[in-house]
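Architecture at a glance
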Amino acid sequence: MAETHRPPEQFTLRVRRYDPESGEAPYWDEHTVELEPHRSVLEGILQAKARFDGSIGIRCSCRAAICGSCGVRINGEPGLACHTHLDHARDGAQGGVIEIEPMGNMPVIKDLIVDMDAVHWKKIQRVTPWLLAKQPTPEREYVVPRESMVDITQSMACIQCGACVSDCLAMEVDPGFIGPAALAKAYRFVGDPRDDRRYERLLDLSHDPQGIYDCTHCFKCVDACPKDVNPMGQIMRLRRIAGSDEHIVDPNNGERHEQAITTLVRDYGLLHEAELVPRSYGGNSWFGKLHPAAGKELLSLLPSAIKAITRGKIGVKLALLGHKIPDSDLKAVKRIYQTVESRPERYELNLYISGEDEDERTPVGATAGGGGGGDDPATAGDRSAS
Amino acid sequence: MKVAYWPGCVSRGFTPELHGSMARVAPLLDIELVELDRANCCGCGVIAEHNQELADTLNARTFALAQQVPGAELMMNICSTCQGAQGECQERLDASAEYRAHVNQTLAPEGLAYEKDPGGAGGHFTNKNFLWLLVEEIGLEELRSRVKRPLTKLKVGPFYGCYIVRPRKRLGIDAEHPRDHYLEQVIEALGGSVIEYAGMRKCCGFPIVTMNKEASLKQAGRHLGDAVDADADCLVTPCPLCHLNLDLQQPAAEGVVGRDLKMPVLHLPQLVGLALGLEPKELGMNRHVVRPSAVIDWSTSVVGAAA
């Protein structure tokens, strides 16, 4: 409470300016504003705009982290300008100057305003972002299990700010990647028991070379999201349901790669790397390497492999036989697989919903909007049919 | 100090020089490594993608084995991916006593159980990458005092690997523990110069190398290229999976990005070992696809400065 009474301080903002229509190159502008330290970076930008330069372009509306308009990069990290305190931003700034740039992966319209239509909204459209309801429509409401709706509240928390799109590292090298925001949105419908096209949605997203298997698992979107949506986690759930529940085998090696690693660890206790490539391309058995797709890939890897073997990096014996843990331990690992994989339903603990018990930290589930899942992780966890 | 040591799979598979160099470096830092040779693969995030409970149970087994090592202060790994994948499982196991009990039930026939707080003193089971251990347990001053051959004039670019820098909260990165800046601190403590470049905390591309090889190698190639442009002599990484894409696949990445790279990539224990006076060959540096000797002038920048 005391914080709200702290006197105004000076904050220096370094704002990236660019007007593509001017034909001039981008440049940096510095302005010093005076505000109480708990005020937001957005308020700082607006003061600079009001006092020093009315031409600074910034998009904003609610100023309360719910409209998703003011996504920018602050000190190189994506986030909402209205959701970042000036003092926190200064703490993370080099030389105490708060650096504000437009979001990445999207073209700049002017200064801090990026073209969300050209990238973000196109990708959202790509995943058919509406319910394809089961028919016939019930006379009254659809009756669904409560837990299944709680399960999708996390993806529903998205405010479409584009912060995750801004810094997606897969999109940086592959702009056609459907991306974190749109795939989280896709999970919102895949996980909805009222939707009639779960299989078709998953088939589409796993077969698209820029779909769920194009995510490089870098956690950028997890940290970028101001609403704790965990887009990467939703992508992993899409993969899990596509592969394990719907048994969709995709042309991108996604399902085979997952199966290969899971099976190799079961059979060896450790990862048998040399088997991973042929199985991912050719199929999940020793014979995978005889598949033409595997053969082609192995051939392309031959120069690297030969170099690695001649340099003593990779032993021939290891490449052929792999490495194993002792037999008694391998037996224990296999028993774990058997126990867990023979459960009628997957047991999936989602901390967003269940929160943490016996801990001083505030349960995250309190903000879930779905009323939380109670204290019992067994009911709060997402139990999907397998 | 005595640690329960988890080397991981790749450090004993396709990057054996990593495990080897760690074994050489440990005694010079008074680290006693008790190898967890019965433990299993962490699943590198992919087993969790297949079945979360399976990944959690497999890693709970590893933690339980580590907790059985008498006198070990903590568990240590040498792989960013192990750190991240195991950390994710530990987060779930630590969050719920009921879930922990459920997982331990699966481990029970083997006589194993993972305890969140083995001493009962309100502590937590600790699993640290060698990088974190260097800074937080050994300390930069101590490390500096043990340097025999400062890496003077050696320009080193850090490459972290995603799993050890994100998500920040799970990895315990905050103002007190700037773990996403430890590589720079270690490079400086060893006498080298830090080269900052765009890709230092980005993704090497390895997770999608079998799914979208072009995008994967474009990532590796771009970051290596950025390091070349920033005038780095070499990169250093705490992640053997990154090393696969950055070193083993570098010739292929050169093809994808259409430029010569020739950027040597060192494992963290190799860089530490050089400064502690070990010879490049002892550290397995002759085994890399991109030979470190191709760029670094050992006679002036590294070896020559022997004290």
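The structure displayed is predicted, hence computed values, not measured ones.

1. So, helix H12 (residues 273-282) of chain A
Summarising burial for H12 of chain A: nine of the 10 residues are buried, a large majority. The complete set of buried residues in H12 of chain A reads Glu273, Glu275, Leu276, Val277, Pro278, Arg279, Ser280, Tyr281 and Gly282 of chain A. Residues of H12 of chain A that are buried sit in contact with helix H11 (254-268) and helix H13 (292-310) of chain A together with helix H9 (213-229) of chain B. Where H12 of chain A terminates, the next one or two residues include Gly283 of chain A, which has phi positive at roughly 125°.

2. What to know about the interface of chain B and chain A
Contact with chain B, which involves 76 residues of that partner, is made by 73 residues of chain A. Taken together, both faces of the contact between chain B and chain A bury some 6600 Å²; the carbon and sulfur share is 57%. For chain B, the biggest contributors to the area lost against chain A are Phe14, Glu49 and His50 of chain B; these three give 12% of the whole. Counting across the chain B and chain A interface gives seven salt bridges. Residues Lys213 of chain B and Glu297 of chain A are paired through a salt bridge, measuring 2.8 Å at the closest nitrogen-oxygen approach. There are 27 residue pairs in polar contact (both at pLDDT 80 or more) connecting chain B and chain A. Secondary-structure elements contributing two or more residues to the side of chain B that touches chain A are helix H1 (16-28), helix H2 (46-50), helix H3 (52-67), helix H4 (80-95), helix H5 (97-107), H9 and helix H10 (240-248) of chain B.

3. Some points on a nonpolar patch on the surface
All names here are of chain A. On the surface, Ile309, Val316, Leu320 and Leu321 cluster together into a nonpolar patch covering about 390 Å² of accessible area. The element contributing the most residues to the nonpolar patch is helix H14 (residues 316-321), with three residues. Judged by its relative accessible area of 54%, Leu321 is exposed.

4. Some words on the packing of aromatic side chains
On inspection of all chains with the given rule, the structure shows six aromatic pairs over all chains. Note on Phe219 of chain A and Tyr163 of chain B: the rings are 5.1 Å apart at their centroids and 80° apart in plane angle, and the pair reads as edge-to-face. Residue Phe219 of chain A is located in the loop between helix H8 (198-207) and helix H9 (220-224), and its partner Tyr163 of chain B is located in the loop between strand S5 (155-158) and helix H8 (182-189); the two belong to separate chains. Accessibility assignment for this pair places Phe219 of chain A and Tyr163 of chain B in one class, buried. Plain terms: the ring middles of Tyr347 of chain A and Tyr99 of chain B are 5.3 Å apart, the flat faces sit at 75° to each other, and that makes the pair edge-to-face. Taken together, the residues span two chains, with Tyr347 of chain A in the loop between helix H15 (327-341) and helix H16 (351-354) and Tyr99 of chain B in helix H5. An identical accessibility class is assigned to Tyr347 of chain A and Tyr99 of chain B; each is buried. Joined through ring pairs, the aromatic side chains of Phe63, Tyr114 and Phe125 of chain B make up one cluster. Taking the ring centre of Tyr268 of chain A as reference, the NZ or CZ of Lys324 of chain A above it sits at 5.3 Å.

Rules used throughout
- Residues numbered from 1 in each chain as written.
- Chains lettered and ligands numbered in written order.
- Predicted model: local features only at pLDDT ≥ 70, side-chain atom pairs only at ≥ 80, totals over all residues.
- Heavy atoms only, no water.
- Buried < 20%, exposed > 50% of the residue type's maximum accessible area, 1.4 Å probe, protein only.
- Helix = DSSP H or I, 4+ residues; strand = E, 2+ residues; numbered from the N terminus.
- Contact = heavy atoms within 4.5 Å.
- Buried area = accessible area lost by both parts, 1.4 Å probe.
- Salt bridge = Lys/Arg side-chain N within 4 Å of Asp/Glu carboxyl O.
- Polar contact = N/O pair within 3.5 Å; in protein donor to acceptor, adjacent residues only side chain to side chain.
- Patch = residues over 30% accessible without salt bridge, like charges linked within 9 Å, V, L, I, M, F, W, Y side chains within 5 Å.
- Areas by Shrake-Rupley, 256 points an atom, 1.4 Å probe, with all protein chains shown as cover.
- Phe/Tyr/Trp six-rings, centres within 6.5 Å; stacked < 30°, edge-to-face > 60°.
- Lys NZ or Arg CZ within 6 Å of the ring centre and 35° of its normal.

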